[in-house]
Amino acid sequence: MQTGQNRIDQLFADRSRKRFIPFITVGDPSLEVSFEIVKALVEAGSDLLELGVAYSDPLADGPTIQRASQRALANGVTIADVLAFVAKLRDAGINTPLVLFTYVNPVMQYGVERFFADLAKHGADGAVIPDLPAEENAEATAAAKKYGLHLISLVAPTSESRIKLIGEQASGFIYCVSSLGVTGARSQLRSDLAEFVQKVKASSGLPAAVGFGISTPEQVREVAAFSDGVIVGSAIVQQIERNLSLLAQPETKAEGMQHIKNFVQQLASGLQ
């Protein structure tokens, strides 16, 4: 049986090919539409998907993803719903690696051991928990390993003195935060970003994917030159938001989906 670790490890086995990693908030604008969006993202060339679990206090997220979380929460979407969503994707034949993006509080409420056990049971490949410090992640790391999953570590430009510690603990790939602050599209990236990513990669030998603030094909191309993967979240969630009215009506939903798919294809073209 293929585990989440295997899927992610196989994905990054060939370092010569860069990986495109989109993020969406599951349940925005609905679970049914999110399912169709994921299928469109896979068709558009996504290599791995980050599935956001809506949370009322998303510390790492800017206004765009906060609004998406609010819409999903208004729909009553829970961790259990997102796990069922993953299982539904697997049942539909989608074998793309799937990683849940969530926060410490919901995981603690759900139960750390139970959370990772259910991730594996439902077909997920790992989790990103941005507010879980490396110094406090022993329980989650052990549970992820026990169930054949990766707990993806984040490292920020301010983590200078902790890069080695985070790198030693990292699993699967390392999520390099491109800029300070919360998620959100930015017009320019840090001038020292390439140097930072090289330090991170040297700390662990693992692949490094870069996220936060990437929103154009040109930025995707720039970041891909020195990383193993490019993560795009807010720009895609913003595209979903712009098409909410189209997605809400059966007669225009296909048009809205096509707008989202075209946008993601344009972003992914930056890797070619």
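Note: the structure precedes this text.
Let us look at the structure shown here. What you see is a predicted model; the values in this text were computed from it and never measured. (Residues numbered from 1 in each chain as written. Predicted model: local features only at pLDDT ≥ 70, side-chain atom pairs only at ≥ 80, totals over all residues. Heavy atoms only, no water.)

### Section: empty space enclosed by the protein
Thinking step 1. Taken as a whole, this structure holds two cavities of 30 Å³ or more when the rule is applied.
Thinking step 2. A volume near 50 Å³ is recorded for the second largest cavity.
Thinking step 3. In terms of lining residues, the second largest cavity is bounded by eleven residues, among which Phe23, Val53, Asp61, Ile65 and Ser69 are the most central.
Thinking step 4. Mapped onto the lining of the second largest cavity, the elements with two or more residues apiece are β1 (19-25) and α3 (63-74).
Thinking step 5. Each residue belonging to the lining of the second largest cavity can be placed in one class, and the counts come to seven nonpolar, three polar and one charged. (1 Å grid on protein atoms, 1.4 Å probe; cavity = no way out; pocket = protein on both sides within 12 Å on 5 of 7 lines; lining within 4 Å. Points joined across faces, edges and corners; volume = space filled by probe spheres on them. Helix = DSSP H or I, 4+ residues; strand = E, 2+ residues; numbered from the N terminus. Nonpolar A, V, L, I, M, F, W, Y, C, P; charged D, E, K, R; others polar.)

### A closer look at the nonpolar core
Thinking step 1. Membership of the largest hydrophobic core comes to 70 residues, with the highest contact counts inside it found for Leu51 and Phe116.
Thinking step 2. Apart from residues lying up to four places away in sequence, Phe116 is in contact with Ala127, Ile129, Ala140, Ala143, Ala144, Tyr147, Leu149 and Leu151.
Thinking step 3. In this structure, Ile8, Leu11, Ala68 and Phe173 belong to the second largest nonpolar core, which totals 23 residues. (Core = buried A, V, L, I, M, F, W, Y, C linked by side-chain atoms within 4.5 Å. Buried < 20%, exposed > 50% of the residue type's maximum accessible area, 1.4 Å probe, protein only. Contact = heavy atoms within 4.5 Å.)

### Notes on the packing of aromatic side chains
Thinking step 1. If you walk through the whole model with that rule in mind, you get eight aromatic pairs.
Thinking step 2. Between the aromatic rings of Phe101 and Tyr103, the centroid separation amounts to 6.0 Å while the plane-to-plane angle is 80°, which identifies the pairing as edge-to-face.
Thinking step 3. An aromatic cluster is built from Phe23, Tyr55, Phe101 and Tyr103, whose rings are joined through pairwise contacts.
Thinking step 4. Positioned above the aromatic ring of Phe35, the side-chain terminus of Lys88 is 4.4 Å from the ring centre. (Phe/Tyr/Trp six-rings, centres within 6.5 Å; stacked < 30°, edge-to-face > 60°. Lys NZ or Arg CZ within 6 Å of the ring centre and 35° of its normal.)

### Quick notes on the pattern of salt bridges
Thinking step 1. Applying the stated rule across the entire model yields 13 salt bridges.
Thinking step 2. In this structure, Asp28 engages Arg71 in a salt bridge whose closest nitrogen and oxygen atoms are separated by 2.6 Å. Linking Asp28 in the loop between β1 and α2 (31-43) with Arg71 in helix α3, this pair joins segments that are 43 residues apart in sequence.
Thinking step 3. Given the relative accessible area of 2%, Asp28 is considered buried.
Thinking step 4. The salt bridge involving Asp228 is made with Lys201; its shortest N-O contact spans 3.5 Å. Residue Asp228 is found in the loop between α10 (217-224) and β8 (229-232), and its partner Lys201 is found in helix α9 (residues 193-204); the two are separated by 27 residues along the sequence. Considered together, Asp228 and Lys201 belong to a single accessibility category, that of buried residues.
Thinking step 5. Residues joined in a network through salt bridges with shared partners are Asp28, Arg67, Arg71 and Glu241. (Salt bridge = Lys/Arg side-chain N within 4 Å of Asp/Glu carboxyl O.)

### Concerning the side chain of Asp125
Thinking step 1. If you trace the backbone, Asp125 turns up in the loop between α6 (112-122) and β4 (126-128).
Thinking step 2. Of the polar contacts made by the side chain of Asp125, one reaches the side chain of Arg7; its length is 2.4 Å.
Thinking step 3. A polar side-chain atom of Asp125 sits 2.8 Å from a polar atom in the side chain of Arg90. (Polar contact = N/O pair within 3.5 Å; in protein donor to acceptor, adjacent residues only side chain to side chain.)

### Examining the packing of helix α11 (residues 234-242) against helix α13 (residues 253-268)
Thinking step 1. α13 packs onto α11 with a crossing angle of 160° between their chain directions and a minimal axis gap of 9 Å. For the element pair α11 / α13, the angle class is roughly antiparallel. Handedness of the crossing formed by α11 with α13: right-handed. Across the interface between the two elements, Ala235, Ile236, Gln239 and Ile240 of α11 pack against His259, Ile260, Phe263, Val264 and Leu267 of α13.
Thinking step 2. Residue classes in the contact of α11 with α13 are distributed as seven nonpolar, two polar and no charged. (Axes fitted to C-alpha atoms, helices over the stretch in contact; angles between N-to-C directions. Parallel < 35°, antiparallel > 145°, perpendicular 65-115°, else oblique. Left-handed = near helix turned anticlockwise from the far one by under 90°.)

Everything listed here is a matter of geometry and, on its own, says nothing about what the molecule does.
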